[in-house]
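# Structure assessment
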Amino acid sequence: MLAQRVAYVASKNPVKVNAVKRALELCFPAVVFSMVGREAPSGVPDQPHGDNQTLEGVAAASVGLGLPNTGAAGAEAASADAALVVAIEGGVGRSSGPGSAGSLECFAWVCVRDPVTGAESTARSASFALPPPLVDLMVRDGLELGDADDKLFRRTRSKQGSGTIGHLSNGVLDRTEFYVQAAVCALLPFMQPQLYGKEYGRLLAGADEAGGEGRGG
Ligand SMILES: O=P(O)(O)OP(=O)(O)OP(=O)(O)OC[C@H]1O[C@@H](n2cnc3c(O)ncnc32)[C@H](O)[C@@H]1O
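Because the structure is predicted, anything quoted here is derived from the model rather than measured.

Parameters at a glance
- Residues numbered from 1 in each chain as written.
- Predicted model: local features only at pLDDT ≥ 70, side-chain atom pairs only at ≥ 80, totals over all residues.
- Helix = DSSP H or I, 4+ residues; strand = E, 2+ residues; numbered from the N terminus.
- Buried ≥ 20, exposed ≤ 12 C-beta atoms within 10 Å, placed from the backbone.
- Contact = placed C-beta atoms within 7 Å.
- Near = placed C-beta within 6 Å.
- Nonpolar A, V, L, I, M, F, W, Y, C, P; charged D, E, K, R; others polar.
- Axes fitted to C-alpha atoms, helices over the stretch in contact; angles between N-to-C directions.
- Parallel < 35°, antiparallel > 145°, perpendicular 65-115°, else oblique.
- Left-handed = near helix turned anticlockwise from the far one by under 90°.
- Right-handed = clockwise from strand over helix to strand, strands pointing away.

## Observations regarding the overall build of the protein
The number of helices and strands found in the protein is 9 helices and 6 strands. The burial tally for the protein puts 38% of its 217 residues in the buried class. When contacts within the protein are restricted to residue pairs at least 6 apart in sequence, those whose partners lie at least 24 apart make up 61%.

## Things to note about the site of the ligand
Among the 18 residues in the neighbourhood of the ligand, the closest are listed as Ser11, Gly90, Gly146, Lys159 and Gly163. When residues of the shell around the ligand are traced back to their parent elements, those giving at least two are strand 3 (82–94), strand 4 (104–113), helix 5 (145–152), helix 6 (163–168) and helix 7 (175–191). Per-class residue counts for the shell around the ligand are 5 nonpolar, 7 polar and 6 charged.

## Examining the packing of helix 4 (residues 132–141) against helix 5
For any two helices packed against each other, the geometry is given by the interaxial angle and the distance between the axes. At a minimum axis separation of 9 Å, helix 4 and helix 5 run at an interaxial angle of 120°. It follows that helix 4 is oblique to helix 5 by the angle criterion. Crossing hand, helix 4 versus helix 5: right-handed. Of the residues in helix 5, those in contact with Pro133, Leu134, Leu137 and Met138 of helix 4 are Leu145, Ala148, Asp149, Lys151 and Leu152. The residue makeup of the contact of helix 4 with helix 5, split by class, is 7 nonpolar, no polar and 2 charged.

## Observations regarding the pairing of strand 1 (residues 3–9)
With 5 of 7 residues buried, strand 1 lies mostly within the body of the structure. This β-α-β element, strand 1 to helix 1 (residues 14–27) to strand 2 (residues 31–37), shows right-handed connectivity.

## Some words on the environment of leucine 204
Looking at where leucine 204 falls in the secondary structure, it is placed in helix 9 (residues 202–216). By the C-beta count within 10 Å, which is 20 here, leucine 204 ends up buried. Measuring from C-alpha to C-alpha, the distance between leucine 204 and leucine 187 comes to 12 Å, with 17 residues separating the pair along the chain.

Put into structure tokens, the structure is as follows:
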């Protein structure tokens, strides 16, 4: 019998919930996850700028949703079935790469927390350069990337669909896939607790027990 666990995502954006679900399924094939998406305060602007602000937002969101004794959501997350809390925060920042130095690039940070042990892991996504017409709308009109994208490419709620990366890559890579890889990277310590530390081991220990019980019965 497969172990059942609840995974909390600090957003209701289906792109983020689906990306985390796919990453968890790939990383932990012996566990069946039910996903709960809830908004959690990041304490940073809707469009975070730079690595520091984006990281600050993703860390705050994962704590706000998952820590025990932070209200009903926290208590629930601390229950035996609660496996992990995952937050993803998209950010933009100045690129330092040759050829694109000074232009804006888009990236995300992912933070994964075990709400019981407090073990935490973060990873940064890949990044891509934003084209000048999009940057103009963001800088001149103060729009967040998703709104600038909708306006420039005449789309609706693009941030809940293929995202800017989906449009720019002609569908080669969509926002969900873009986040799946980053989420897998953030999950590595939870997959290899014998290498990263026993505080990351609760999920697998629980899954092994449930799998063992199932095989025995
Ligand atoms: O509901 P929440 O969780 O806030 O989801 P969001 O999509 O609004 O929140 P983020 O803070 O993660 O994203 C910041 C902005 O980056 C935008 N964005 C659009 N396409 C993107 C892409 O392909 N990759 C990363 N960010 C993208 C997104 O639409 C937002 O306007």
